[in-house]
Amino acid sequence: MASICGRMALRAAARQNVTYAPVRFCKMMNDPLEHATGIEKRELLAKAAGNENPFDMKVFKRGAGTKENPNLIPSAFDARIVGCICEEDQTYVQWMWLQKGNQKRCECGHWFKLVEKAAV
């Protein structure tokens with residue numbers, strides 16, 4: 001009987017020292033910009049500055065694409081792979097490499113030229 005009373009007293013004492021904080025009092029995570037590093041931080045800073053396409057990954061609408069007035073493709077590198085959908089109902093993309101300083105003609109007849117762009 002004494003051992004049972006002793007165990008109950010120990011359990012009661014142990015419960016009094018343990019406290020739990022409800023979840024609603026926890027702090028929310030800070031701004032992701034504070035936690036980001038490297039290329040992710042540069043991307044978030046560019047988007048905050050108003051550049052929604054910092055890596056030029058969005059689709060460009062093809063222009064006239066003549067040899068005198070080619071479609072200009074921005075790149076921070078010496079070469080870039082470009083896809084051309086030659087016909088409106090075409091189900092595949094015609095891929096080609098563009099080199100800096102050279103114009104390239106697609107199979108459909110449109111011309112493309114790589115232009116320099118500052119890196120992010």
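Since the model is a prediction, treat every value here as computed from it, not as a measurement.

## What about a nonpolar patch on the surface?
A contiguous nonpolar patch, built from Ile-81, Ile-85, Val-93, Trp-95 and Trp-97 and spanning about 520 Å² of accessible area, is present on the exposed surface. The residue Ile-85 is located in the loop between β2 (79–84) and β3 (94–99) in this model. Judged by relative accessible area, which is 45%, Ile-85 ranks as partly exposed.

## Notes on the environment of His-110
Residue position: His-110 is located in the loop between β4 (103–105) and β5 (111–116). Its relative accessible area of 18% is what places His-110 among the buried residues. At a separation of 3.4 Å, a polar atom in the side chain of His-110 contacts the side chain of Arg-62.

## Let's talk about the pairing of β5
Side chains on a regular strand alternate between the two faces of the sheet. Across five bridges, strand β1 (residues 71–75) lies against β5 in parallel orientation. Looking at the pairing, Ile-73 lines up with Leu-114 of β5. Across three bridges, β4 lies against β5 in antiparallel orientation. From the neighbouring strand, Gln-103 faces β5, where its bridge partner is Lys-113. The hairpin turn running from β4 into β5, its antiparallel successor, is five residues long, and Gly-109 in that turn takes a positive phi close to 105°.

Thresholds applied
- Residues numbered from 1 in each chain as written.
- Predicted model: local features only at pLDDT ≥ 70, side-chain atom pairs only at ≥ 80, totals over all residues.
- Heavy atoms only, no water.
- Patch = residues over 30% accessible without salt bridge, like charges linked within 9 Å, V, L, I, M, F, W, Y side chains within 5 Å.
- Areas by Shrake-Rupley, 256 points an atom, 1.4 Å probe, with all protein chains shown as cover.
- Salt bridge = Lys/Arg side-chain N within 4 Å of Asp/Glu carboxyl O.
- Helix = DSSP H or I, 4+ residues; strand = E, 2+ residues; numbered from the N terminus.
- Buried < 20%, exposed > 50% of the residue type's maximum accessible area, 1.4 Å probe, protein only.
- Polar contact = N/O pair within 3.5 Å; in protein donor to acceptor, adjacent residues only side chain to side chain.
- Pairing = 2+ DSSP bridges.

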